[in-house]
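Fold and geometry: a report
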Amino acid sequence: MELLITDLSKTYSNGIKALNSVSLTIPTGMFGLLGPNGSGKSTLMRTIAALQDADSGSITFGDIDVLNNKEEIRKVLGYLPQEFGLYPKVNAEVLLNHLAQLKGIKNASERKETVKMLLEQTNLYDSRKKYLGTFSGGMKQRFGIAQALLGNPGLIIVDEPTAGLDPAERNRFHNLLSEIGENIVVILSSHIIDDIQSLCKNMAIIHKGSVLMSGSPENVVEQINGKIWRKIIEKDALSDYNEFKVISHRLHSGKVEIHVYADELPGLGFEAETASLEDLYFLTIANFQN
Ligand code: ADP
Ligand code: MG
């Protein structure tokens, strides 16, 4: 099953153009939507989840016309929104059971079995009697995945699920996500490059409502391989490099490490650097003019 987005545009009533003719083909497996805050990720995801309308364009999932058949898409969709509110004084098992009912799992023993399986899968079974208000950020997000998996969805959307998680929780969450995504379409958004790099078979970079690039992380990075150069410079020397295309700079034991994009060795003291998704991301965004 494939998700096909064609020429999708959306301008909010305040005049902000959140989506600018977005077209994407999203195959099964994990697909990463990478972009800075405000780039349109949540708008795109809410539109795919049939929670808001676009101004123009189309979305199909298999033979479902998403924008004109919201009931159909909701049956096959699991969605974890960026802001995910939970009832603090309800325990995990009770809420998941309730959500399973809403999802249409009517048979009580089937529902019980499903809830148990999902709590186990998300490593929350031992905490099933705890109030959700006592859950850590990582546990909440794992609960969010459990509810998104109700009803065997063919399409799962998770919007910035790792924001605010500590490194260990993020790791755990990554492992959980990587177990889901083989035969269904999973769309994951993040502004964290490593989330996309380590999880996604395919990805797109989105910026100011436009898709700037899409493909597999290896293939998109391949395009700039051999063109990234690294140099360690003094902290106050950055302005000496104005003539170069400096795509990133970061502190490095009191000095500054710069990455420069150039077809050939840009000058003395530079050394070749293996291109990374981070280099590509910064370069793509820096090159974008609108
Ligand atoms: P992201 O999820 O990548 O941070 P969003 O889709 O939330 O991006 O937002 C894209 C742009 O649209 C931003 O400039 C944001 O301020 C604006 N925006 C988002 N939601 C609304 C809304 N309901 N009304 C008006 N503007 C909005
Ligand atoms: Mg968002």
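Bear in mind the structure is a predicted one, so any value in this text is a computation, not a measurement. (Residues numbered from 1 in each chain as written. Chains lettered and ligands numbered in written order. Predicted model: local features only at pLDDT ≥ 70, side-chain atom pairs only at ≥ 80, totals over all residues. Heavy atoms only, no water.)

Right, let's get into the overall build of the protein chain. Along the protein chain, the regular secondary structure elements total 9 helices and 14 strands. Each principal axis of the C-alpha distribution contributes one length, and for the protein chain these read about 70 × 45 × 35 Å. A buried classification covers 48% of the 290 residues belonging to the protein chain. A fraction of 67% describes how many contacts in the protein chain between residues 6 or more apart in sequence connect residues 24 or more apart. (Helix = DSSP H or I, 4+ residues; strand = E, 2+ residues; numbered from the N terminus. Buried < 20%, exposed > 50% of the residue type's maximum accessible area, 1.4 Å probe, protein only. Contact = heavy atoms within 4.5 Å.)

Before going further, it helps to examine the site of ligand 1. Close contacts around ligand 1 come from 13 residues, with Gly38, Gly40, Lys41, Ser42 and Thr43 the closest. In this structure, glycine 40 approaches ligand 1 through a main-chain N or O atom, which is 3.0 Å from an oxygen atom. Starting from 560 Å² of accessible surface for ligand 1 in isolation, the protein chains cover 65%. A per-class count over the shell around ligand 1 returns 4 nonpolar, 7 polar and 2 charged. (Near = heavy atom within 4 Å. Polar contact = N/O pair within 3.5 Å; in protein donor to acceptor, adjacent residues only side chain to side chain. Areas by Shrake-Rupley, 256 points an atom, 1.4 Å probe, with all protein chains shown as cover. Nonpolar A, V, L, I, M, F, W, Y, C, P; charged D, E, K, R; others polar.)

This part is about the pattern of salt bridges. As enumerated under the stated definition, the model contains 14 salt bridges in all. Within this structure, Glu93, Arg128 and Lys129 form a network of salt bridges that share partners. (Salt bridge = Lys/Arg side-chain N within 4 Å of Asp/Glu carboxyl O.)

A separate point is the coordination of the magnesium ion (ligand 2). Octahedral metal centres with six donors ideally show angles of 90 or 180 degrees, and tetrahedral centres with four donors ideally show 109.5 degrees. Looking at the magnesium ion (ligand 2), one finds its protein donor set to be Ser42 (OG) and Gln82 (OE1), positioned 2.1 Å from the metal centre. Taken as a pair, serine 42 in helix H1 (residues 41-48) and glutamine 82 in the loop between strand S6 (77-80) and helix H3 (92-102) lie far apart in primary sequence, 40 residues in all. Owing to a relative accessible area of 14%, serine 42 belongs among the buried residues under this scheme. (Donors = N, O, S within 2.8 Å, 3.2 Å for Na, K, Ca; no water.)

Here we take up the domain arrangement of the protein chain. We note that the domain assignment places domain 1 (3-215) and domain 2 (226-274) within the protein chain. Centre-to-centre, using C-alpha coordinates, domain 1 lies 38 Å away from domain 2. (Domains from an automatic or database assignment.)

For H3, the complete set of buried residues consists of Ala92, Leu95, Leu96 and Ala100. Down the axis of H3, the smallest arc covering the buried residues is 140°, so these residues share one side. Its side-chain oxygen at 3.0 Å from the backbone nitrogen of glutamate 93, asparagine 91 defines the N-terminal cap of H3. (Arc of directions from axis to C-beta.)

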